[in-house]
Amino acid sequence: QVQLVESGGGLVQAGGSLTLSCLFSERTWKMNMAAWFRQAPGKEREFVAGVIWSTSNTRHADSVKGRFTISKDNFKNTVYLQMNNLEPEDTAVYYCAAREGWGSITTVNSGYTYWGQGTQVTVSS
């Protein structure tokens, strides 16, 4: 039973930055993949970025490449999402997700088993 606890959301002006954190209660299971998704009202949940714990390989959605960076701290069991140059279009609830697996980073939300509660990110003009 893995719990994911997110923090760092809030209100920021366009062009500003935020860093989200996702604390894993444990990584004793065979989880090797973590990701961030986001969902705006009326829209489908979409992949933002993913990372492999053991290799630090990452993948970022085209919409956030060059602006967002996913990273993790293995000792702290924490995954981060550094968001720079935020735009109003980035406004959404951001979710942390994890799954067991050793392959390529999964980009569909149905591929993940564990989810955080979500944290709101609001970007104003």
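Each remark here, short or long, concerns the structure printed above.
First, a word on scope: everything that follows refers to the structure included in this document.

## Section: the sheet that holds strand β1 (residues 4-7)
Strands sit in the order β1-β3-β8-β7 across an open sheet of 4 strands; the sheet is antiparallel. Looking at which strands have only one partner, the edges of the open sheet turn out to be β1 and β7 (68-73). Along the sheet, successive strands turn relative to each other by an average axial angle of 15°, direction set aside. In terms of strand pairing, β7 meets strand β8 (residues 78-83) through 6 bridges, oriented antiparallel.

## What to know about the state of the cysteines
A full pass over the atoms with the stated rule returns 1 disulfide. Residue pairing for Cys22: its cysteine sulfur links by disulfide to Cys96, the two sulfurs lying 2.1 Å apart. When the S-S torsion is -85°, as for the bridge of Cys22 with Cys96, the disulfide is left-handed. Of the two residues, Cys22 sits in strand β3 (residues 18-24) while Cys96 sits in strand β9 (residues 92-100), which places them 74 residues apart along the sequence. Residues Cys22 and Cys96 agree in their burial class; the two are buried.

## Digging into the packing of aromatic side chains
Each aromatic ring pair is described using two quantities: the centre-to-centre distance and the angle formed by the ring planes. For the coordinates displayed, the defined rule picks out 6 aromatic pairs. A centroid spacing of 5.2 Å and a plane angle of 85° characterise the contact between Phe24 and Trp53, whose relative ring orientation is edge-to-face. Separated by 29 residues along the polypeptide, Phe24 in strand β3 and Trp53 in the loop between β5 (46-52) and β6 (58-60) bring together distant segments of the chain. Residue classification places Phe24 among the buried residues on the basis of a relative accessible area of 2%. Here the aromatic rings of Phe37 and Trp115 are separated by 5.1 Å at their centres, their planes lie at 55°, and the arrangement is tilted. Taken as a pair, Phe37 in strand β4 (residues 31-39) and Trp115 in strand β10 (residues 114-115) lie far apart in primary sequence, 78 residues in all.

## Observations regarding the pairing of β3
Burial analysis of β3 places 5 of its 7 residues in the buried class, which makes it a mostly covered element. Summarising the sheet, β1 and β3 pair through 4 bridges and their orientation is antiparallel. Residue Leu4 lies in a different strand from β3, and its bridge partner there is Phe24. Pairing between β3 and β8: 6 bridges, direction antiparallel. When the sheet's bridge partners are listed, Ser21 is paired in β8 with Tyr80.

## Quick look at the pattern of salt bridges
Following the criterion strictly, the structure yields 4 salt bridges and no others. Taking the shortest distance from any N to any O, the salt bridge between Arg38 and Asp90 comes out at 2.9 Å. Of this pair, Arg38 sits in strand β4 while Asp90 sits in the loop between β8 and β9; the two residues are 52 residues apart in sequence, bridging distant segments of the chain. Note on accessibility: Arg38 and Asp90 belong to one class, buried. With its nearest N and O atoms 2.7 Å apart, the salt bridge here joins Asp90 to Arg67. Of this pair, Asp90 sits in the loop between β8 and β9 while Arg67 sits in the loop between β6 and β7, and the two are 23 residues apart along the sequence.

Rules of the game
- Residues numbered from 1 in each chain as written.
- Predicted model: local features only at pLDDT ≥ 70, side-chain atom pairs only at ≥ 80, totals over all residues.
- Heavy atoms only, no water.
- Pairing = 2+ DSSP bridges.
- Helix = DSSP H or I, 4+ residues; strand = E, 2+ residues; numbered from the N terminus.
- Axes fitted to C-alpha atoms, helices over the stretch in contact; angles between N-to-C directions.
- Disulfide = S-S within 2.5 Å.
- Buried < 20%, exposed > 50% of the residue type's maximum accessible area, 1.4 Å probe, protein only.
- Phe/Tyr/Trp six-rings, centres within 6.5 Å; stacked < 30°, edge-to-face > 60°.
- Salt bridge = Lys/Arg side-chain N within 4 Å of Asp/Glu carboxyl O.

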